[in-house]
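Observations on the model geometry
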Amino acid sequence: MSLGFLVSYLGGAAVWTAVWVAVIWAGWRLWARLAGGPAPVPARELPVLVSLGFFLMLTQYPFPDRATMICPVPGVRAEVMPFNTVPQLMGIYGRWGWEGVFDSTLIPAAVMNVVFCLFIGAALVWQGRLSDRAILLFGAGLTLAVETTQLTGIWGLYPCAYRQFDTDDLITNFLGVALGLRLARSRGWGRPRLGQPAE
C-alpha cells in the first residue's frame, strides 16, 4: 500500500464525508425550521456524524464507473471463513518472508478497521444517548450492514460487488467499536456501564 494511494484514498473519503456532514446539517436545519425548533446541530452529535460518515465512505469509496466496470470484478470474492487473514499472511510469509507480510495490505487494512471504528465507539459514548449494550448492538449492526452493502454492490446500484465482503472485517470493525466504548468509559465519558442506573 503506497503512500500516494493511501493519501488519495483517505482524501477522497474525507471529501465525501464533508458532503455527508453538510447534507445532514442542511437537513437538520430544514427540519428545525419547519418544526420551529433550534437549528444548530448539537455539538455532541458532530463526532458521531463525522466518524460514522468517514467510516461509511472508506468502506464504499472509490466508486467505480458503471459503464466500464467488468463483472465479476477481478480479485473481489466473498470471504466467509472467520480469521481467513491468518492463513493468507502465513502463505505470504512462506513465499516472501516478513518483508512480504509488511508489504501486504492485510495488516494495514485490519488496523484501519479497528482504529476508525474505535472513533465511532468513542463518539457514541461521548454523545451520551446510548447504553453500552445499545452501542455494541449498533456496532454489530453497522458492520453487518456495511459488509452486506459491499456484497450486494450497494444494494443493486452496481451490477456486482466491487468491494470484498469479509468476515474478518466484521470482527475487526466490531472490535474497534468495543475498544472505543471501553476506552471512552475508562475516561468517564457518557452514561453508566451496563447494569448501572442512568443518572
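For the structure, see preceding data.
The structure reproduced in this document is the subject of the present report. (Residues numbered from 1 in each chain as written. Predicted model: local features only at pLDDT ≥ 70, side-chain atom pairs only at ≥ 80, totals over all residues. Heavy atoms only, no water.)

1. Description of the packing of aromatic side chains
Definition in use: Classification of ring pairs uses Phe, Tyr and Trp, with its six-membered ring standing for Trp, and accepts pairs whose centres are within 6.5 Å; under 30 degrees between planes counts as stacked, over 60 as edge-to-face, and the remaining range as tilted. A run of DSSP states H or I qualifies as a helix once it reaches four residues; a run of E qualifies as a strand once it reaches two. Both are numbered from the N-terminal end. Any residue under 20% of the maximum accessible area for its type is buried, any over 50% is exposed, and the rest in between are partly exposed; the area is computed with a 1.4 Å probe on protein chains only.
Overall, the coordinates contain six aromatic pairs when judged by the stated rule. A centroid spacing of 5.3 Å and a plane angle of 85° characterise the contact between Trp 16 and Phe 63, whose relative ring orientation is edge-to-face. Of this pair, Trp 16 sits in helix H1 (residues 3-35) while Phe 63 sits in the loop between helix H2 (46-60) and helix H3 (85-103); the two residues are 47 residues apart in sequence, bridging distant segments of the chain. Here Phe 63 falls in the partly exposed class, since its relative accessible area comes to 31%. Judged by centre distance (5.2 Å) and plane angle (75°), the ring pair of Phe 54 and Phe 116 falls under edge-to-face. Of this pair, Phe 54 sits in helix H2 while Phe 116 sits in helix H4 (residues 106-127), and the two are 62 residues apart along the sequence. In textbook terms, an aromatic cluster arises when at least three aromatic residues are bridged by ring pairs, as seen for Trp 16, Tyr 61 and Phe 63.

2. Things to note about H3
Cut-off, in case you're wondering: In this scheme, a helix's expected span is set at 1.5 Å multiplied by one less than its residue total. Bend at a given residue is defined as the angle between two axes, one fitted to the seven residues that end at that position and one fitted to the seven that begin there. We call two residues in contact whenever any of their non-hydrogen atoms come within 4.5 Å of each other.
With 19 residues, H3 extends just 14 Å between its outermost C-alpha atoms, more than 12% less than the 27 Å of an ideal straight helix rising 1.5 Å per residue. Trp 96 marks the point of greatest bend in H3, at about 130°. The inward-facing, buried residues of H3 contact H4 and helix H7 (167-186).

3. Section: the nonpolar core
What counts here: We call a set of buried Ala, Val, Leu, Ile, Met, Phe, Trp, Tyr and Cys residues a nonpolar core when their side-chain atoms join them within 4.5 Å.
Ranked by internal contacts, the top residues of the largest apolar core, which has 15 residues, are Phe 55, Ile 120, Leu 124, Val 125, Ile 135 and Leu 142. Of all elements in the fold, only H2, H4, helix H5 (132-151) and H7 reach the threshold of two or more residues within this core. With six residues, the top contributor of residues to this core is H4. Not counting chain neighbours up to four residues away, the residues in contact with Val 125 comprise Ile 135, Leu 181, Ala 184, Arg 185, Trp 189 and Gly 190.

4. Points about a nonpolar patch on the surface
Applied cut-off: By definition, no residue in a patch forms a salt bridge, and every one has over 30% relative accessible area; like charges are joined within 9 Å, nonpolar side chains (Val, Leu, Ile, Met, Phe, Trp, Tyr) within 5 Å. Where accessible areas are quoted, they stem from the Shrake-Rupley method and a 1.4 Å probe; at the residue level, only the protein chains shown are allowed to cover. We define a salt bridge as a contact between a side-chain nitrogen of Lys or Arg and a carboxyl oxygen of Asp or Glu at a distance within 4 Å.
Where nonpolar side chains cluster on the molecular surface, the patch consists of Tyr 93, Trp 98, Phe 102, Ile 107, Val 111, Val 115 and Phe 119 and spans about 720 Å² of accessible area. Contributing elements (two or more residues each) for the nonpolar patch: H3 and H4. Ranked by residue count, the leading element in the nonpolar patch is H4, at four residues. Here Phe 102 shows up in helix H3.

5. Examining the pattern of salt bridges
With the rule as written, the count across this model stands at three salt bridges. The shortest N-O distance in the salt bridge between Glu 45 and Arg 129 comes to 2.8 Å. You can see Glu 45 sitting in the loop between H1 and H2 and its partner Arg 129 sitting in the loop between H4 and H5, a full 84 residues away along the chain. Relative accessible area serves as the criterion here: at 54%, Arg 129 is assigned to the exposed category. Measuring nitrogen to oxygen at the nearest pair gives 3.2 Å for the salt bridge that ties Arg 77 to Glu 79. On the basis of relative accessible area, Arg 77 is assigned to the exposed category, the value being 55%.

6. Structural notes on unusual backbone geometry
Here Tyr 61 and Pro 62 are connected by a cis peptide whose omega angle stands at 0°. The residue after Cys 71, namely Pro 72, is reached through a cis peptide bond having omega -5°. Looking at where Pro 72 falls in the secondary structure, it is placed in the loop between H2 and H3. We note that Phe 83 has phi near 60°; this positive angle belongs to a residue other than glycine. Mapped onto the elements of the fold, Phe 83 is located in the loop between H2 and H3. Take Phe 83: its relative accessible area is 53%, and that puts it in the exposed class.

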